[in-house]
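# Structural overview
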Amino acid sequence: MSKDKEPSQYFDRSLECEVDAKLPNSARHDRIGRELQHGRFLAQHGAGEIWNWESPAGKLRWARRVNMLSSHLKPGMNVLELGCGAGYFTQELARSGADVVAIDVSPELLEIARSKCSAPNIQYEIENAYELSYGDAVFDSVVGSSVLHHLEIGKALRDIYRVLKPAGTIYFTEPNMLNPQIAIQKNIPWIKRKLGDSPDETAFFRWPLRRLLERTGYRDIRIDPFDFLHPKTPVRLIDRVNRFGRLLEKMPVISEFAGSLYIRAVK
C-alpha cells in the first residue's frame with residue numbers, strides 16, 4: 001500500500017459502533033484509544049511498509065515468522081490470532097486448515113485484513129486483547145506477531161491463559177529489548193514517532209517475561225532470541241547476512257542481542 005493511499009473505500013463505518021460497544025467509555029482517552037488512533041494511521045499510510053514486511057529482506061523475515069507461528073497448527077484446531085492487524089499472517093494461518101478467529105482493536109486494519117483473506121475458516125472480530133469476550137477454555141492455541149508489546153502484558157497473558165484449553169499453546173514473536181536498535185526505538189519518543197510506533201509500545205527482556213509467564217501459570221516455557229537480518233539489508237547482501245545471522249543465533253551471549261524473541265508455552 002502506498003504511503004498516500006486512503007483507507008479502503010469498502011470500510012464499513014458501522015464497525016465503529018462495534019468498537020464503542022465492546023470497549024470502555026474511557027477508551028478514547030487511554031491506551032486503547034491511542035492504539036485505535038495508531039490503527040487509523042497504519043491503515044492510511046501502509047501498515048506493511050511501516051512494519052517493514054514489504055522489502056526483500058522484510059519478506060524473508062515475514063516468511064520465517066509465518067513458519068514459527070503456524071507449523072504446529074492442524075485442521076480442526078480452534079486458534080486465536082491476537083492483533084491480526086492488516087492480515088499479513090492471517091492469510092497464511094488459514095492455509096493450515098485450522099479454524100482461526102483473527103482479532104484486533106482497529107476496525108480499519110480488520111477491514112484491510114478481511115479484504116486480503118476471506119477464507120471460510122477465518123473469522124474476524126473486534127476485541128480488546130486483555131478483556132476477551134470468549135468463554136473459558138475455548139482455543140487450542142493463541143498466536144501473534146509483534147502484538148504483546150502493545151498491550152498491558154500482565155492482563156493480556158492472564159486472559160490468554162483463561163481462554164486456552166488445558167494443554168493449549170501460545171506462539172508469539174516479539175521485539176527484543178536487548179537489541180540496541182530496538183532499545184533506542186522503543187525508549188526515545190521522537191524516534192518512536194518517526195519510525196511509526198504507537199506511543200505505548202515497548203519490547204521485552206526475555207528473563208522477566210519468562211518469570212511473568214511462570215507466575216501466570218504457563219509451563220514448558222521457551223523464549224529464544226532470533227533474527228539478525230535487518231529489513232533494510234540490500235538485496236545483494238541478504239543471503240550472506242541471513243546465513244551469518246543464523247550462525248550468531250547459535251552463539252551464547254551474542255545471540256541475546258538478536259532483534260526478536262520467539263515465545264512458546266503451554267497451559
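Residues numbered from 1 in each chain as written. Predicted model: local features only at pLDDT ≥ 70, side-chain atom pairs only at ≥ 80, totals over all residues. Heavy atoms only, no water.

## Some remarks on helix α8 (residues 180-187)
All buried positions along α8 are accounted for by I182, Q185 and K186. Seen from one end, α8 has its buried residues packed into an arc of 90°, which puts them on one side. The secondary structure elements touched by the buried residues of α8 are β5 (164-175) and α9 (189-194). The N-cap of α8, judged by a side-chain oxygen 3.1 Å from the amide nitrogen of Q181 a few residues on, is N179. (Buried < 20%, exposed > 50% of the residue type's maximum accessible area, 1.4 Å probe, protein only. Helix = DSSP H or I, 4+ residues; strand = E, 2+ residues; numbered from the N terminus. Arc of directions from axis to C-beta. Contact = heavy atoms within 4.5 Å. Polar contact = N/O pair within 3.5 Å; in protein donor to acceptor, adjacent residues only side chain to side chain.)

## Focus on the packing of aromatic side chains
Scanning the model with the defined rule gives six aromatic pairs in all. Ring geometry for Y134 and F139: centres 5.3 Å apart, planes at 90°, overall edge-to-face. Using a relative accessible area of 14% as the deciding quantity, one classes Y134 as buried. Members of the aromatic cluster, joined through ring pairs, are W53, W62 and F89. Over the aromatic face of Y262 sits the side chain of R264, whose NZ or CZ is 4.0 Å from the ring centroid. (Phe/Tyr/Trp six-rings, centres within 6.5 Å; stacked < 30°, edge-to-face > 60°. Lys NZ or Arg CZ within 6 Å of the ring centre and 35° of its normal.)

## Some words on the pairing of strand β4 (residues 139-145)
Among the seven residues of β4, six are classified as buried, and the element is accordingly described as predominantly covered. Bridging between strand β1 (residues 78-81) and β4 involves three bridges; their strand directions are parallel. Within β4, the residue paired with E81 across the bridge is V143. In this sheet, β5 lies alongside β4 in parallel orientation, the contact comprising six bridges. By the bridge assignment, S145 is partnered in β5 with T173. Assessed by its sense of winding, the connection that carries the chain from β4 through helix α7 (residues 153-163) to β5 is right-handed. (Pairing = 2+ DSSP bridges. Right-handed = clockwise from strand over helix to strand, strands pointing away.)

## Some points on the nonpolar core
Ranked by size, the top nonpolar core spans 34 residues in total, and within it L80, L82 and V142 carry the most contacts. Of all elements in the fold, only α2 (31-45), β2 (99-104), β4, α7, β5, α10 (206-216), β6 (219-226) and β7 (260-266) reach the threshold of two or more residues within this core. Ranked by the residues each element gives to this core, the list is headed by α7, at five residues. (Core = buried A, V, L, I, M, F, W, Y, C linked by side-chain atoms within 4.5 Å.)

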